[in-house]
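What follows is each chain in one-letter form.
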Amino acid sequence: MRKIFLTATAAMLLFSCNNEDKSVTETNETTASAHRGCASDEVLLRQLKEDPGLAQRMKDIELQTADAIANGRIVNGVMEIPVVFNVLYRTAAENISDAQLQSQIDVLNQDFNAQNADFNTPNNPYSSVRANVGIRFVLDAINRKSTTKSSWGTRDTMKKSNRGGINPTSPTTKLNIWVCTIGGGILGYAQFPGGSSATDGVVLDSKYTGNTGTATYPFNLGRTATHEVGHWMNLRHIWGDATCGSDLVADTPTHNTANYGVPAVGHTSTCAGTPLEMYMNYMDYTDDRGMYMFSNDQKDRMLAIFNVGGSRASFR
Ligand code: ARG
Ligand code: ZN
Ligand code: CA
């Protein structure tokens, strides 16, 4: 989208300059000094003389351009998010392998780019609003720390080195994912945009991370991270965390409540209008094999936070 827009803008500039070129040529046809070319440069020279602040502003733009090219995270129009894994382990099983962590990166890339094998599940009544979110994840670093804790709960202690955890690495430019035993039947949790950067990121139970190694059925396909990263990108649960609640997304139907397992095809809601529920959405609570899509309006909500001025614009 962005690339197309830039290309269109560039084409318009060329087009308008060509027009100008033509009219200049026409009006000056008879004069030997007919000046050819785009007038932008001479307009710029005039403005530089008349506007004392312009030269410095243009210098700043060049600095920002060079920085964005060198360090920017939008590659061919696609956001690239570096991921730092922070693994906390007491047992050998909890110290999951690099391969299992890489499998989680692979699942995220599939699910956020409409490349998951189940994306085209037949007879999906919501196939017309299936999104290719177009965000890529790149493994940046793996930190490991041995601990004496057998479970970490949901109070963010795994994110604090002075509590035996691991502090986040560059949380305003990298997605930190803590992998540990959470306990209490919790598969994972995320911090929404707007929270403190000291605790920003996602927590996954090591048994529900990736799709290989210790990954455990029925949450063995890496979808806990897909769901939690959805929260981290500002998505709410599809049932709006209330009976027939709102998820602030226009193209998702109203659900009575969370769905579990793998709902029967055609499962409808008893909320107003009795819509067919979108139980195959990543922001429901079904088993991993039951979820395989984000919707187009969920995509818009996620991308919005990465725009200039958005709460996660620092990731650009
Ligand atoms: N926060 C949710 C929980 O811990 C995660 C649900 C993820 N669902 C899944 N199929 N992996 O219960
Ligand atoms: Zn959730
Ligand atoms: Ca909705």
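For the structure itself, consult the block above.
Residues numbered from 1 in each chain as written. Chains lettered and ligands numbered in written order. Predicted model: local features only at pLDDT ≥ 70, side-chain atom pairs only at ≥ 80, totals over all residues. Heavy atoms only, no water.

A. Main features of the coordination of the zinc ion (ligand 2). Summarising the metal site, the zinc ion (ligand 2) is bound by the protein donors His227 (NE2), His231 (NE2) and His237 (NE2), whose distances to it range over 2.0 to 2.1 Å. Motif for the zinc ion (ligand 2), donor spacing along one chain: H-x3-H-x5-H. On the accessibility criterion, histidine 237 (10% relative accessible area) is buried. (Donors = N, O, S within 2.8 Å, 3.2 Å for Na, K, Ca; no water. Buried < 20%, exposed > 50% of the residue type's maximum accessible area, 1.4 Å probe, protein only.)

B. How the structure looks around the packing of helix H4 (residues 98–111) against helix H5 (residues 223–232). Where H4 meets H5, the axes come as close as 9 Å, and the angle between the chain directions of the two elements is 60°. Judged by the inter-axis angle, H4 sits oblique to H5. Pair H4 / H5 crosses with right-handed handedness. Of the residues in H5, those touching H4 at Gln104, Val107, Leu108 and Asp111 are Arg223, Ala225, Thr226 and Val229. (Axes fitted to C-alpha atoms, helices over the stretch in contact; angles between N-to-C directions. Helix = DSSP H or I, 4+ residues; strand = E, 2+ residues; numbered from the N terminus. Parallel < 35°, antiparallel > 145°, perpendicular 65-115°, else oblique. Left-handed = near helix turned anticlockwise from the far one by under 90°. Contact = heavy atoms within 4.5 Å.)

C. The site of ligand 1, seen in detail. Taken together, 13 residues surround ligand 1, and among them Leu187, Thr224, Glu228, Thr286 and Asp288 come closest. In the model, a nitrogen atom of ligand 1 is placed 3.2 Å from a nitrogen or oxygen of the glycine 188 main chain. A distance of 2.7 Å is found between a nitrogen atom of ligand 1 and a side-chain nitrogen or oxygen belonging to aspartate 288. Starting from 350 Å² of accessible surface for ligand 1 in isolation, the protein chains cover 90%. In terms of residue count, H5 provides more of the shell around ligand 1 than any other element does, four residues in total. Here the shell around ligand 1 is composed, by residue class, of five nonpolar, four polar and four charged. (Near = heavy atom within 4 Å. Polar contact = N/O pair within 3.5 Å; in protein donor to acceptor, adjacent residues only side chain to side chain. Areas by Shrake-Rupley, 256 points an atom, 1.4 Å probe, with all protein chains shown as cover. Nonpolar A, V, L, I, M, F, W, Y, C, P; charged D, E, K, R; others polar.)

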